[in-house]
Amino acid sequence: QPDIDRIVEIWSDCLARYGGPYLFGKRRGMADAMFAPVVMRFLTYDVKLDAACAAYCKTIMALPQMQE
């Protein structure tokens, strides 16, 4: 749980600071690529997330590369 809490803290801070929908604003970046496997794990294990982090996960999962 502490690892999940830390990731949610990072995501929440970045999304609030840079306005989303990606961690550092309107364009995808390396941080989003790095966290894509975490998004998959959160969805697989049904980790409960706040609205902003859940929306971030949906944004990442909507990418064509994630649909493959």
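Refer to the structure printed above.
Residues numbered from 1 in each chain as written. Predicted model: local features only at pLDDT ≥ 70, side-chain atom pairs only at ≥ 80, totals over all residues. Heavy atoms only, no water.

S.K.: I'm lost on the pattern of salt bridges in this one. Help?
M.R.: Two side chains bearing opposite charge may form a pair once their charged atoms approach each other closely. Following the criterion strictly, the structure yields three salt bridges and no others. The shortest N-O distance in the salt bridge between Arg-17 and Asp-13 comes to 3.2 Å. With Arg-17 and Asp-13 both in helix H1 (residues 2-18) and four residues apart, the pair spans about one turn of that helix. Judged by its relative accessible area of 56%, Arg-17 falls in the exposed class. Using a relative accessible area of 37% as the deciding quantity, one classes Asp-13 as partly exposed. (Salt bridge = Lys/Arg side-chain N within 4 Å of Asp/Glu carboxyl O. Helix = DSSP H or I, 4+ residues; strand = E, 2+ residues; numbered from the N terminus. Buried < 20%, exposed > 50% of the residue type's maximum accessible area, 1.4 Å probe, protein only.)

S.K.: How should I be thinking about the packing of aromatic side chains in this particular structure?
M.R.: What characterises a pair of aromatic rings is the spacing of the ring centres plus the angle enclosed by the ring planes. Within the structure shown, the criterion is met by four aromatic pairs. Between the aromatic rings of Trp-11 and Phe-42, the centroid separation amounts to 5.4 Å while the plane-to-plane angle is 55°, which identifies the pairing as tilted. A residue pair is termed long-range when its members are at least 10 positions apart, and Trp-11 in helix H1 and Phe-42 in helix H2 (residues 30-44) qualify at 31 residues. On the accessibility criterion, Trp-11 (0% relative accessible area) is buried. With relative accessibility at 6%, the residue Phe-42 sits in the buried group. Centre to centre, the rings of Trp-11 and Tyr-56 are 4.9 Å apart; their planes meet at 65°, and the pair counts as edge-to-face. Within this pair, whereas Trp-11 is found in helix H1, its partner Tyr-56 is found in helix H3 (residues 51-61), the two being separated by 45 residues in sequence. Through successive ring pairs, a cluster of aromatic residues spans Trp-11, Phe-35, Phe-42 and Tyr-56. (Phe/Tyr/Trp six-rings, centres within 6.5 Å; stacked < 30°, edge-to-face > 60°.)

S.K.: Explain the nonpolar core to me, please; I cannot follow it from the model alone.
M.R.: The nonpolar side chains of a soluble globular protein tend to be buried, and buried together. The biggest cluster of nonpolar side chains holds 18 residues, and the ones touching the most others in it are Trp-11, Leu-23, Phe-35, Val-39, Tyr-56 and Ile-60. Put simply, the parts of the chain that give this core at least two residues each are H1, H2 and H3. Beyond its immediate chain neighbours, meaning those up to four positions away, Tyr-56 contacts Trp-11, Leu-15, Pro-21, Tyr-22, Leu-23, Asp-32, Phe-35 and Val-39. (Core = buried A, V, L, I, M, F, W, Y, C linked by side-chain atoms within 4.5 Å. Contact = heavy atoms within 4.5 Å.)

S.K.: Sorry if this is basic, but what is going on with the state of the cysteines here?
M.R.: Here a disulfide denotes one covalent bond, and it connects the sulfur atoms of two cysteines. In the structure shown here, the tally under the stated rule is zero disulfides. Counting only cysteine sulfurs, Cys-53 is the nearest neighbor of Cys-14, a cysteine outside any disulfide, at a range of 10.0 Å. Cys-14 gets classed as buried once you look at its relative accessible area, which sits at 8%. Relative accessible area serves as the criterion here: at 0%, Cys-53 is assigned to the buried category. (Disulfide = S-S within 2.5 Å.)

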